[in-house]
Amino acid sequence: MAELTVVGKPVTRVDANEKVTGEAVYGYDLVLPNMLYGKTLFSPKAHARIKKIITDKAKSYPGVVAVVTGADAPWTHGESIKDKPFLAHDKVRYIGEPVAAVAAEDEDTAQAAIKLIEVEYEDLPVYVDPEQASKADAVAIHEDFPNYRKAEFIVPGGHANVAEHFKLRTGDVEQGFKESDLVLDERYFVPMIQHAAMEPHSAHAQFDKDSGRLTIWVANDAPFRALNELTEALEMPKEKIRLINPLQGGGFGSKGGLKVEPIAVALAFHTNGRPVRVKFNREETFISTLTRHEAVVYCKTGVKKDGTLMAREMTIYWGAGAYAEKSPTVCIRGSLPAPGPYRIPHVKVDGYAVYTNKPVAGSYRGYGIPQGAWAGEQQMDEIAKRLGMDPVEIRMKNIFVEGDISYWGEQLHAVGLKETLTKAIEAIDWGKKPAQTKPGVKIGKGFACIQKPTRSPTTSASAVIVDTKGDVTVLAGTVEIGQGCNTILSQVAAEELKVPMAKVHMHPLDTDVIPYDASTTSSRSTYHMGNAVRRAAIHAREQIMEAAAPIFEARSEDLDCADGKVFLKDQPQMALSLGEVVRRKLGPEGIVRGDGAYTYEIGKDLDLETGHSDHASAFYMYATQAAEVAVDEDSGRVRILRMSAAHDVGRAINPLNCVAQIEGGVVMGIGSALHEEMVIDQTGKVRNPSFLDYHLVTSLDTPELIPIIVECNEPEGPYGAKGLGEPGLAPTPAAIGNAVADALGVRIYDLPLKPENVFWAIQNKNKKTAA
């Protein structure tokens, strides 16, 4: 590969100035001309039939333009299972479900009208525990589930509330347990948590009756997925629906698909062509958009005395909440690698995505990997302890390396896991005794390893346009959600066209203009869209070279480009700017457009019975994180002293951006380890739906962070790059959990590791010791 000039360099983010100066306009800030204001009535019941909705008073309230209920919006949507209504139909399934909406001339009027809507309910049984909801005698939360449209890969679980049953079968686990010298069987729990993006949810919608066009302005991380869901739900042609993406103030998986959009759309059909905005406040975002899956994980592992893993069996109940959303695919993609990045001859996994009467769960940074790692990686340390082995030794004996065949049947390549493990533990001085601390404070160290697949197969398409000024415009459907994709893609275009970064611009995201992209999810964008933009830029460059050849009276292969200019290789002083070549060939208004697309062509879906595939993922991400903690035995408070995070990124297109991604991910992981949980009572009510009671990590909780970039080139990735966005938080809780267990000599199986949980674990240990 030729020497790279932009890729691999710590380039400053292209959107830095507009964001730090406040010039950036986010979806939540957007105000449209002649706009109406929408408000939503949410269900106060977790599971109930709707007997009657009376809207007369709201409709007659001065300033109200439209009032809608499920009767006015008889549509349902869903990606893998089409089960979710725009507004509740006949029954509600969780506290916070949208039941009715109002559009008015101002927000105060809309809110006043909402309070005038009367709803009569008939209570039904409430299920808040996915294990209980999955039982054969449980009342169906979705009576019509057998009739829902489902994706081909959906395997219903047989019982009323099991939306998906994932199965992985390799070898014979019972035989593996018989051949083991030690078998350990434990239950672990990971609670439901919130995405807590800085920007709450909002959407604007406008329907033009004359053209039949529906336009939606929304910060959505998968606008083409949203377009597909709307097309199917409304039975409208795609060309009649347009999504325009303003800037997004974070999402972490919460802003894909349809959340607030259905409410805005339902109102827009009744506002006589005026646009309507629906904004959720923080509490509404907590209860009525999306959460991360709670998970009950049973993990049973058999091992030889020398540490060789023989068998692992896992049963995972994924709490889907009231609607399927992404639960089937989280169940599949989270359960598949849950046994960990190890050579295990006998593996059995059963993952169940279970409907409950809680807020809807869906995509969250890490996509099911943190839940499995919390169980599997803690059990690895516990096994090592019982065998008298160092946790590093047992990992090194079993860890995936280049060329291994995974327990789902795929030969692995570009495996940088062992290097991440070595570097992560070195960074916290593994094996060295900690310095003496004050009485009552215990110091411990721990680490955890993970492997994460990406969504496959998927497609990304792009276009790169060069004009007569030599300016480059990149058209890409990847959404800038704060992760730095606009900078990465600009670097790729600049690298291939050999132009300064200042010459490259990203086109605003508009589904009428931008080529198709599957989604900005699953850490797929650098790999998939990076490849697409690279191909588009090469296509544009080739056209420019062909256009320049007759101008220079040379062959195109005798030409080269650098610094935004085309020149003769043997006479570099003979040069023309890219823009001048375009002008001479196509005139003053001419443009050269290069097109490119990328699909992981050999990707194969998992076998529905065995969970096997020889090409399940376009690439795999590997990481090890290590923590040193101090635990106060009197209070149970856990303080993290330092944390290393070594991530195999393939090739760092922008090292500065990689470090930021790693650090941000680790901090989120610390929050989910120490503080975060949505407290939901037995009636299904969220008791802490605001940042007053939902504890996020602050700068005071953040320890010394040691980000480590490991580069194990992925052959198919652009310049060898993989993804990075999600693994940053995946091993964090397990690493901290192992460090706490090392400090105290007692293991805690349920997250979060908040002071009271740790305190009572210490007290129970002391009671057992005294007995």
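The sections below set out a description of the structure shown in this document. (Residues numbered from 1 in each chain as written. Predicted model: local features only at pLDDT ≥ 70, side-chain atom pairs only at ≥ 80, totals over all residues. Heavy atoms only, no water.)

**A few points about the packing of aromatic side chains**
No. 1: This structure, assessed with the given rule, holds 21 aromatic pairs.
No. 2: Their ring planes at 75 degrees and their centres at 5.8 Å tell us that phenylalanine 286 and phenylalanine 691 sit as a pair that is edge-to-face. Of this pair, phenylalanine 286 sits in helix H8 (residues 282–288) while phenylalanine 691 sits in the loop between helix H16 (655–674) and strand E30 (704–710), placing them 405 residues apart in sequence.
No. 3: We classify phenylalanine 691 as partly exposed; its relative accessible area is 36%.
No. 4: Through a chain of ring-to-ring contacts, three or more aromatic side chains come together here, namely Trp75, Phe86, Phe207 and Phe269.
No. 5: One cation-aromatic arrangement involves lysine 150 over phenylalanine 145; the distance from NZ or CZ to the ring centre is 4.5 Å.
No. 6: A cation over a ring is seen here: arginine 534 above tyrosine 719, with NZ or CZ 4.1 Å from the ring centre. (Phe/Tyr/Trp six-rings, centres within 6.5 Å; stacked < 30°, edge-to-face > 60°. Helix = DSSP H or I, 4+ residues; strand = E, 2+ residues; numbered from the N terminus. Buried < 20%, exposed > 50% of the residue type's maximum accessible area, 1.4 Å probe, protein only. Lys NZ or Arg CZ within 6 Å of the ring centre and 35° of its normal.)

**Considering the nonpolar core**
No. 1: Trp408, Val629, Ile736, Val740 and Leu753 are the most contacted members of the largest nonpolar core, which has 87 residues in total.
No. 2: The leading source of residues in this core is helix H17 (residues 732–744), at seven residues.
No. 3: The contact partners of valine 740, leaving out residues within four places of it in the chain, are Val629, Val631, Val638, Val746, Ile748 and Leu753.
No. 4: Counting residues in each nonpolar core, the second largest holds 43 residues, with Leu489, Ala494, Met506 and Leu576 among its members. (Core = buried A, V, L, I, M, F, W, Y, C linked by side-chain atoms within 4.5 Å. Contact = heavy atoms within 4.5 Å.)

**Some points on the sheet that holds strand E2 (residues 48–54)**
No. 1: Reading across from one edge, E6-E2-E8 is the order of the three strands in this open sheet, with antiparallel pairing throughout. Unpaired on one side and paired on the other, strand E6 (91–92) and strand E8 (118–123) mark the two borders of the sheet.
No. 2: Judged from the six bridges that link them, E2 and E8 form a sheet pairing that is antiparallel. Across the sheet, residue isoleucine 53 finds its bridge partner in E8, namely valine 119. (Pairing = 2+ DSSP bridges.)

**Examining the packing of helix H10 (residues 369–387) against H17**
No. 1: Where H10 meets H17, the axes come as close as 8 Å, and the angle between the chain directions of the two elements is 30 degrees. Our pair here, H10 against H17, has a crossing hand that is right-handed. Contacts from Ala373, Trp374, Glu377, Gln378 and Asp381 in H10 reach Pro733, Ala734, Gly737 and Asn738 in H17.
No. 2: Residues belonging to the contact of H10 with H17 are distributed by class as follows: four nonpolar, three polar and two charged. (Axes fitted to C-alpha atoms, helices over the stretch in contact; angles between N-to-C directions. Left-handed = near helix turned anticlockwise from the far one by under 90°. Nonpolar A, V, L, I, M, F, W, Y, C, P; charged D, E, K, R; others polar.)

**Quick word on the pattern of salt bridges**
No. 1: Taken as a whole and judged by the stated rule, the model has 49 salt bridges.
No. 2: Between arginine 169 and aspartate 350 there is a salt bridge, and its shortest N-O distance comes to 2.8 Å. In this pair, arginine 169 sits in strand E9 (residues 162–170) while aspartate 350 sits in strand E19 (residues 346–355), placing the two residues 181 residues apart along the sequence.
No. 3: Owing to a relative accessible area of 7%, aspartate 350 belongs among the buried residues under this scheme.
No. 4: Residues arginine 395 and aspartate 381 are paired through a salt bridge, measuring 2.9 Å at the closest nitrogen-oxygen approach. On the criterion of sequence distance, the pair formed by arginine 395 in helix H11 (residues 391–398) and aspartate 381 in helix H10 is long-range, its members being 14 residues apart. Judged on exposure class, the residue arginine 395 and its partner aspartate 381 are both buried.
No. 5: Here the residues in one salt-bridge network are Glu79, Arg225, Glu229, Lys259, Glu325 and Lys326, joined through shared partners. (Salt bridge = Lys/Arg side-chain N within 4 Å of Asp/Glu carboxyl O.)

**Quick notes on the pairing of strand E18 (residues 309–321)**
No. 1: Counted residue by residue, E18 has 13 buried out of 13 residues, so it is predominantly covered.
No. 2: Here strand E17 (residues 294–303) folds back onto E18 in antiparallel fashion, the turn holding five residues, of which glycine 307 has a positive phi close to 95 degrees.
No. 3: Direction of pairing for E18 relative to E19: parallel, over a ladder of ten bridges. Along E19, the bridge assignment pairs arginine 312 with valine 347.
No. 4: With respect to chirality, the unit in which E18 leads through helix H9 (residues 327–335) into the neighbouring parallel E19 is right-handed. (Right-handed = clockwise from strand over helix to strand, strands pointing away.)

**Some remarks on unusual backbone geometry**
No. 1: With an omega of -10 degrees, the peptide bond running from serine 456 to proline 457 counts as cis.
No. 2: Assignment of secondary structure puts proline 457 in the loop between strand E20 (441–453) and strand E21 (459–467).
No. 3: Following leucine 751, the chain continues to proline 752 via a peptide bond in cis, the omega torsion being 0 degrees.
No. 4: The topology assignment puts proline 752 in the loop between H17 and helix H18 (755–770).

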